[in-house]
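Here are the chains, one letter per residue:
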2 protein chains.
Amino acid sequence: MTLMPHSRPYHHGDLRAALLISAERTLREKGAAALSLRELARDIGVSHAAPGRHFKDKQALLDALAMTGYSRLHQLLEEAVVPDIPLGPHITALARVYLTFTVENAALVELMYARKHDPDIDAPLADAVERSMRSFVRLIEDAQRRGEIVAGDPERLTLVAAAGIHGLAGLVTTGALTADAALAGLDEHIHLILHGLKPR
Amino acid sequence: MTLMPHSRPYHHGDLRAALLISAERTLREKGAAALSLRELARDIGVSHAAPGRHFKDKQALLDALAMTGYSRLHQLLEEAVVPDIPLGPHITALARVYLTFTVENAALVELMYARKHDPDIDAPLADAVERSMRSFVRLIEDAQRRGEIVAGDPERLTLVAAAGIHGLAGLVTTGALTADAALAGLDEHIHLILHGLKPR
DNA sequence: ACCTGAACACCGTTCAAGT
DNA sequence: ACCTGAACACCGTTCAAGT
């Protein structure tokens, strides 16, 4: 009757990773509001106090989750930055990556942009954003050198393009626009950002 | 010894309004996460079950709060739409109103854009957004008639401008940009949206 | 019609004690 | 080093009962 050993060992093995994986699953399936440390612990099969060993509090787990989000988004954006592509299609490709990531990870993105990270973690997070922005700025600078973008502070010009794409993603996230509509009109959208709303 | 009547009558008078006012105060001062129905009730001086008479649950109160936010923003935007102003300054004025509202009501705006409203309340909320967008579309249509904006679907052109402004506000909200920097560069930002990033 | 008080089923966090 | 179990101070929601 006691041939079967405990199916759950006293030590989990890698509870920290298990918590992050389980948390992101809950985030995706039920949203941030439904994320409870106790439920996570139950699902994984540890006591409700166990998560406290790996994350000082719930916010620390959310911060870690946000950080993985930034890493993955950064990775995807880097892959979309390739040499010798015309400016328009290049920016469109970046925008497509950003939009798609936002749609497929809506709750995670909401977490990434939440303004309530610990001050300790705020700097790393700001760095992550900064790193992702850098390659975009370089893209604009290169285009300026070729005369394909107007002269002026490249950070400002990048801001205008980034805000346009970020805003489009935001409208999709909040449901003002469907993801399909945004993706279908993306070429045209980027064209209008590059060429302006005024007649030439 | 009993000359002083109860300082708190059994019936509050207008508990519903008091809850909304108190809730928005908490939202502004401590954020959405710190908003508790029980604490609201304590502050106002009613039992913790009293809010249940006026809002079926916490989400219903948040929905009502979001609705007041949309009303106020709509009102401010309407006031910024006045006849006989050149297109650039007109759009800049609208953007300034939007940015300022977003900065001054960050937590409320977050609530307004949260994708977790009851399906019952979702339609009224979508209407509120639609109404605010209408006057912007009309602005673009008028400019098209005067030849100040390129031909094309006015809804799409409005989307590009609105996404640009919405995205800028989003970057301020998440801390990627200071409110001062966004407001200081607003004229230039709108100019770039209208004239494009490509040289003419 | 409006509110109270008790009850229920949850939370996050802490901390002595166990392995 | 890592985890448990009990305890504490909170939640939101419901519902009979009070005014």
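Note that this is a predicted model, so its numbers are computed, not measured. (Residues numbered from 1 in each chain as written. Chains lettered and ligands numbered in written order. Predicted model: local features only at pLDDT ≥ 70, side-chain atom pairs only at ≥ 80, totals over all residues. Heavy atoms only, no water.)

Considering the pattern of salt bridges
Spelled out, the test is: The working definition used for a salt bridge is a side-chain nitrogen of Lys or Arg within 4 Å of a carboxyl oxygen of Asp or Glu. Buried, partly exposed and exposed residues are distinguished by accessible area as a fraction of the type maximum, computed with a 1.4 Å probe on protein chains only: under 20%, between the cut-offs, and over 50%, respectively.
Counted under the stated rule, the structure contains 20 salt bridges over all chains. A salt bridge links K56 of chain A to D57 of chain A, with the shortest nitrogen-to-oxygen separation between them at 3.4 Å. Under the relative-accessibility criterion, K56 of chain A is labelled exposed at 65%. Classification of D57 of chain A as partly exposed rests on a relative accessible area of 31%. A salt bridge links D187 of chain B to R96 of chain B, with the nearest nitrogen and oxygen atoms 3.8 Å apart.

A look at the domain arrangement of chain A
Residue and element names in this part refer to chain A. Operational definition: Domain extents, as shown, originate in an automatic or database domain assignment. By definition, residues are in contact when any of their heavy atoms lie within 4.5 Å. Buried area: the sum, over both parts, of the accessible surface (1.4 Å probe) that disappears when the two are put together. Polar contact criterion, stated in full: a pair of N or O atoms within 3.5 Å, where within protein one must be able to donate a hydrogen and the other to accept it, and residues adjacent in sequence count only if both atoms are side-chain atoms. In DSSP terms, a helix is any run of H or I states spanning at least four residues, a strand is any run of E spanning at least two, and both are numbered starting from the N terminus.
Segmentation of chain A into domains returns domain 1 (1–56) and domain 2 (58–195). Here the C-alpha centroids of domain 1 and domain 2 sit 32 Å apart. With 13 residues of domain 1 at the contact, the number on the domain 2 side is 13 residues. The junction of domain 1 with domain 2 conceals about 1200 Å² of combined surface from both sides, 70% of it contributed by carbon and sulfur atoms. Linking domain 1 to domain 2 there are one salt bridge. Two residues, R72 and E24, come together in a salt bridge whose shortest N-O distance is 2.9 Å. At the junction of domain 1 with domain 2, the criterion picks out four residue pairs in polar contact (both at pLDDT 80 or more). Among the elements that line the side of domain 1 that touches domain 2, the one with the most residues is helix α1 (residues 15–30), at seven residues.

Digging into the relation of the copies chain B and chain A
The condition is simple: Superposition of the copies used a least-squares fit over C-alpha atoms from residues whose pLDDT is at least 70 in both.
Expressed as a screw transformation, the operator carrying chain B onto chain A has a rotation angle of 180° and an axial translation of 0.0 Å, and the superposed copies differ by an RMSD of 0.0 Å. In the structure described here, the two chain copies are related by an operation that fits a two-fold rotation axis. Both copies share a contact surface, since 100% of the interface residues of chain B are interface residues in chain A too.

A closer look at the interface of chain B and chain A
Each partner contributes to the interface: chain B provides 36 residues, whereas chain A provides 36 residues. For the pair chain B and chain A, the summed buried surface comes to about 3700 Å²; carbon and sulfur atoms form 69% of the total. One can count two salt bridges joining chain B with chain A. The residue E148 of chain A makes a salt bridge to K198 of chain B at a minimum N-O spacing of 4.0 Å.

Here's the deal with helix α2 (residues 37–44) of chain B
All names here are of chain B. The cut-off we apply is this: What the arc describes is the spread of directions from the helix axis to the C-beta atoms.
Every buried residue of α2 is listed here: L40, A41 and I44. Buried residues of α2, viewed axially, fall in a sector of 100°; they line one side. What points out from α2, more than 90 degrees from its buried face, is the exposed set R42 and D43. On the buried face of α2, the contacting elements are α1 (15–30), α3 (51–54) and α4 (58–80). Near the N-terminus of α2, the side chain that reaches the backbone nitrogen of R38, with its oxygen 3.2 Å away, is that of S36. Of the residues one or two after α2, G45 is the one with positive phi, at around 95°.

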